[in-house]
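# Inside the fold
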Amino acid sequence: MPLPFADVMEVALALLALSPDELAALGWSFAARKRLLEHFLAADKQADVIERTALDRAVLTLRLPLRDVRRLQHFTRRELPKMASRADVIDRLDAVLERSLAQAR
């Protein structure tokens with residue numbers, strides 16, 4: 001799933017910011033969030049080889065198993081709007097997740 005570097009960072013920070021009550025409302029455990037964050041960290045490692053001046057234009061590939069695509073989609077629609085600084089982040093992530101689910105069918 002291709003996402004701009006800034007989007008990957010913003011969503012990862014939003015995942016980190018979830019309180020225990022918000023995790024519970026999503027039906028997630030700390031382990032579920034940790035697993036999602038590990039996918040984001042793996043995508044961020046791609047940025048290590050990109051010139052710093054080009055990071056704002058970089059597109060990273062996020063690889064998620066289908067169950068985590070669905071989990072992230074639920075988060076994107078329920079919690080991310082409360083946390084994201086830009087609505088276009090939510091739109092791009094939701095579109096990428098929808099395409100991933102469509103390809104899996």
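Below you will find a few notes about this structure. Here the structure is a predicted model, which is why all the values come from computation and not from measurement.

Conventions adopted
- Residues numbered from 1 in each chain as written.
- Predicted model: local features only at pLDDT ≥ 70, side-chain atom pairs only at ≥ 80, totals over all residues.
- Heavy atoms only, no water.
- Axes fitted to C-alpha atoms, helices over the stretch in contact; angles between N-to-C directions.
- Helix = DSSP H or I, 4+ residues; strand = E, 2+ residues; numbered from the N terminus.
- Parallel < 35°, antiparallel > 145°, perpendicular 65-115°, else oblique.
- Contact = heavy atoms within 4.5 Å.
- Nonpolar A, V, L, I, M, F, W, Y, C, P; charged D, E, K, R; others polar.
- Phe/Tyr/Trp six-rings, centres within 6.5 Å; stacked < 30°, edge-to-face > 60°.
- Buried < 20%, exposed > 50% of the residue type's maximum accessible area, 1.4 Å probe, protein only.

## A closer look at the packing of helix 3 (residues 30-45) against helix 4 (residues 66-78)
Packing of helix 3 against helix 4 brings their axes to within 11 Å, and their N-to-C directions diverge by 100 degrees. Considering the angle they form, helix 3 stands roughly perpendicular to helix 4. Taking contact as the criterion, the partners of Ala32, Arg35, Leu36, His39 and Phe40 in helix 3 are, on helix 4, Arg67, Asp68, Arg71 and Leu72. Taken together, the residues of the contact of helix 3 with helix 4 sort by class into 4 nonpolar, 1 polar and 4 charged.

## Let's talk about the packing of aromatic side chains
For the structure on display, the rule yields 1 aromatic pair. Relative to phenylalanine 75, the ring of tryptophan 28 lies with its centre 5.9 Å away and its plane at 40 degrees, an arrangement referred to as tilted. Residue tryptophan 28 is found in the loop between helix 2 (20-26) and helix 3, and its partner phenylalanine 75 is found in helix 4; the two are separated by 47 residues along the sequence. Look at tryptophan 28 and you get buried, because its relative accessible area is 8%.

All quantities given are derived from atomic positions and should not be read as evidence of function.
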